[in-house]
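# Architecture and fold: a report
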Amino acid sequence: MTDNPVVDPTMTPAWEALDGRADAFDPDLRAWFGADPNRATRWTIDGADLHVDFSKNLIDEGVLADLLALAEQTGVYDLRDRMFAGEHINVTEDRAVLHTALRRPATDELTVDGQDAIADVHEVLNKVYDFAERVRSGEWTGITGKPVETVVNVGIGGSDLGPVMAYEALKPFVQDGLECRFISNIDPTDAGETTKDLDPETTLVIVASKTFTTLETITNAKVVRDWFLGALRDRGIVTDEATEKGAIAKHFVAVSTALDKVAEFGIDPNNAFGFWSWVGGRYSVDSAVGTSLAIAIGPDGFAEFLEGFNAMDVHFATAKPEENLPILMGMLNVWYSNFLGADTHAVLPYSQYLHRFPAYLQQLTMESNGKSVRRDGAPVTYETGEVFWGEPGTNGQHAFYQLIHQGTRMVPADFIAFANPAWPLKDGEADMHELFLSNFLAQTKALAFGKTSDEVRAEGTPEAIVSARVFTGNRPTTSIMAPALTPRVLGELIALYEHITFVQGAVWGIDSFDQWGVELGKVLAKQILPAIEGDSAALDAQDASTKALIEYYRANRK
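Residues numbered from 1 in each chain as written. Predicted model: local features only at pLDDT ≥ 70, side-chain atom pairs only at ≥ 80, totals over all residues. Heavy atoms only, no water.

## Re helix 18 (residues 487-508)
An ideal rise of 1.5 Å per residue puts 32 Å on 22 residues; helix 18 measures up with 32 Å between its terminal C-alpha atoms. For helix 18, the tally of buried residues reaches 21 of 22 residues, placing the bulk of the element in the interior. The positive-phi residue at the C-terminal boundary of helix 18 is G509, with phi of around 75°. (Helix = DSSP H or I, 4+ residues; strand = E, 2+ residues; numbered from the N terminus. Expected span 1.5 Å × (residues − 1). Buried < 20%, exposed > 50% of the residue type's maximum accessible area, 1.4 Å probe, protein only.)

Here's what the structure looks like:
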């Protein structure tokens, strides 16, 4: 790790300056907007197709200058350039971090560890596109000659959260007659509910696991394979080893680089789509992991999706810091987390199609930056990571917005909305989308400016409940808008948050691209399983709490 020097951010002049500012900080968005009629214009930035209004954040020119200085002094820009160049900035795994290569044009050149990364990416991408087109056109059929109607993606983590989020977000672009379903949880309910009404003759299963050893994915894949073969045996379609092999070859494909394990499972290695060690799972939706999405929206739609990612990559790599969306949003998050005491961050899409986007961001942000050790192995002495969460508006307004508006905790929030809806419906003469957007705009206005006690009294409110109806305001929000939720715009949004996450991790000096924190539980689960199954020695080896819980389970399992 000595080749990756880390600056302790708390020892920089910018951190000291921000500390001083925070101590004396007394934000007043009402006064700021009143004193500066151009505040909204000055604090609004366009990047790619995204229009982002920062004006309702708790920030002024002095804070911004110090935040950008902190980014400079902690090496954010240098680390960014090294990432794009393919250097091994994932230090604990000694790997490059090149999800950005997945969406670069075929005409680009980038050699990483002796390999032409761009050529490799487009070789796999073309294979995915060819397969997707064969499925979409009906050329690829199942063992009985029927075309595919349902694609079942079996994965977990990035191999599930990315594809399912993007599929849900882009449903208006899905080909008629095709449906994607997703299995991730090892809870048997997930596989059971997903397959119970499917026709195996028209089902295609994609098993997504880089190593093809992920416990949850391979267990679920075996369960789905048993369901599939059992159903075809009942119909007299699978009668022997040869027909079983033929059925698997026509209905199962893999996203993996472990071709030996793919073949051992029964999948034809020719029907496997690979990716690389420099693609982390939570950054992989734009790789072969997105094969289900490529089938659903087609190669042209997927290419547009990638173009959106690349547009934000170029913006991040080239825009000046004061006009750079990921830099500004990442540094704002540092300001709120490390200096103003915010523990969580809400992402509130005003689009039902983005209902899985907050869950996707939970993995992206918290698996990346939930670290307590720096890249050089030293413990951190400051807060890292945030708890990301959210739900679509307007549903969230009737659930948790109360806490954001009047609670004791400050919750910075990103609001996302689009000018054009997929469903331009009306309630009589009223445009439903305009009603929807009025809520989007009203919430950020209320959070910023609140309602004073004098305004409450002026409404005739009894004095005894005036205080309960006061809104303090000065609750920070960022408003993100785009013309419409298209494949390109979705790619831009994902890449925006990827780079926001990078910026924060770079400031904190942590490795945002490993995830050792998920390993210990996996190891212990394998050790505990024999105890659950009845091994008395394994049971005796457990701690008192675990042992008692296992005994309860065994006594109550029917």
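## A closer look at the environment of K445
Mapped onto the fold, K445 is located in helix 16 (residues 432-449). When the C-alpha atoms of K445 and K56 are compared, they prove to be 8.2 Å apart, with 389 residues separating the residues in sequence. If sequence neighbours within four positions are ignored, K445 has contacts with K56 and G450. (Contact = heavy atoms within 4.5 Å.)

## Overview of the nonpolar core
Core analysis: the largest hydrophobic core is formed by 123 residues, its most contacted members being W278, W335, F357, L490 and Y497. Per element, the largest residue contribution to this core is 13 residues, and it comes from helix 18. Here this core spans two domains, since at least three of its residues come from each of domain 1 (28-87 + 319-508) and domain 2 (110-300). Those residues in contact with F357, other than ones at most four positions away along the chain, are M165, V347, I416, L493, I494 and Y497. If you look at the next biggest cluster of nonpolar residues, it comprises 25 residues, including A191, L198, I218 and V224. (Core = buried A, V, L, I, M, F, W, Y, C linked by side-chain atoms within 4.5 Å. Domains from an automatic or database assignment.)

## With respect to the side chain of Q443
Its location among the elements puts Q443 in helix 16. Those residues in contact with Q443 that lie beyond four places of it in its chain are Y350, Q397, Y401, H405 and F415.

These figures capture arrangement, not role.
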